[in-house]
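Reading the structure
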Amino acid sequence: MKRLTILWQRVTVDGGTCERCGDTGQSIRQAAETLRRELSGLDIEVILTEKALPPFAVEESNRVFFNGQAVEEILGAEVGLNHCRSCCEMLGGETDCRTLTLDGRTYEALPLELLLRAGRTAAQKLT
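Overview of the structure. Values in this document were obtained by computation on a predicted structure and should not be read as measured data.

A few points about the environment of Lys51
Relative to the assigned elements, Lys51 resides in strand 2 (residues 44-53). Overall, the relative accessible area of 41% leaves Lys51 in the partly exposed class. Lys51 sits 47 residues away from Leu4 along the chain, and the two C-alpha atoms are 17 Å apart. With near-sequence residues (within four places) excluded, Lys51 lies in contact with Leu7, Trp8, Gln9 and Arg10.

Focus on the sheet that holds strand 6 (residues 96-102)
If you trace the 3 strands from one edge of the open sheet to the other, you get 5-6-7, paired in antiparallel fashion. The sheet is open, and its two edges are formed by strand 5 (78-83) and strand 7 (105-107), each paired on a single side. Ignoring which end each strand starts from, the neighbouring axes of this sheet average 40 degrees apart. Where strand 6 and strand 7 come together, 3 bridges link them in antiparallel fashion.

Analysis parameters
- Residues numbered from 1 in each chain as written.
- Predicted model: local features only at pLDDT ≥ 70, side-chain atom pairs only at ≥ 80, totals over all residues.
- Heavy atoms only, no water.
- Helix = DSSP H or I, 4+ residues; strand = E, 2+ residues; numbered from the N terminus.
- Buried < 20%, exposed > 50% of the residue type's maximum accessible area, 1.4 Å probe, protein only.
- Contact = heavy atoms within 4.5 Å.
- Pairing = 2+ DSSP bridges.
- Axes fitted to C-alpha atoms, helices over the stretch in contact; angles between N-to-C directions.

Shown next as structure tokens:
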């Protein structure tokens, strides 16, 4: 059986994360379930791993990888930064968090449709 591994990483403090990462978390869990259903007939197992990062790793936070390749690489998105009020509150200081810009739109949290597109693209490489 082939595997599509998904890694979602985000900064946590006392088990909690910022709003952006929380929204991405909901989307990646939905994407993993959808991909499991779609790919089961192709004999591809979908495995989701969630990785908690320490507070000093904000630049690596809110990232998703499919079989080791970042969503931004798969989709050709541009990575940026902007002010994150939720992280500022959680971390106790001014904080800029990752964004992705694709097709003229900037995303602070990764939506379900982008995650599904990246996951399907990664899965095609397995068939």
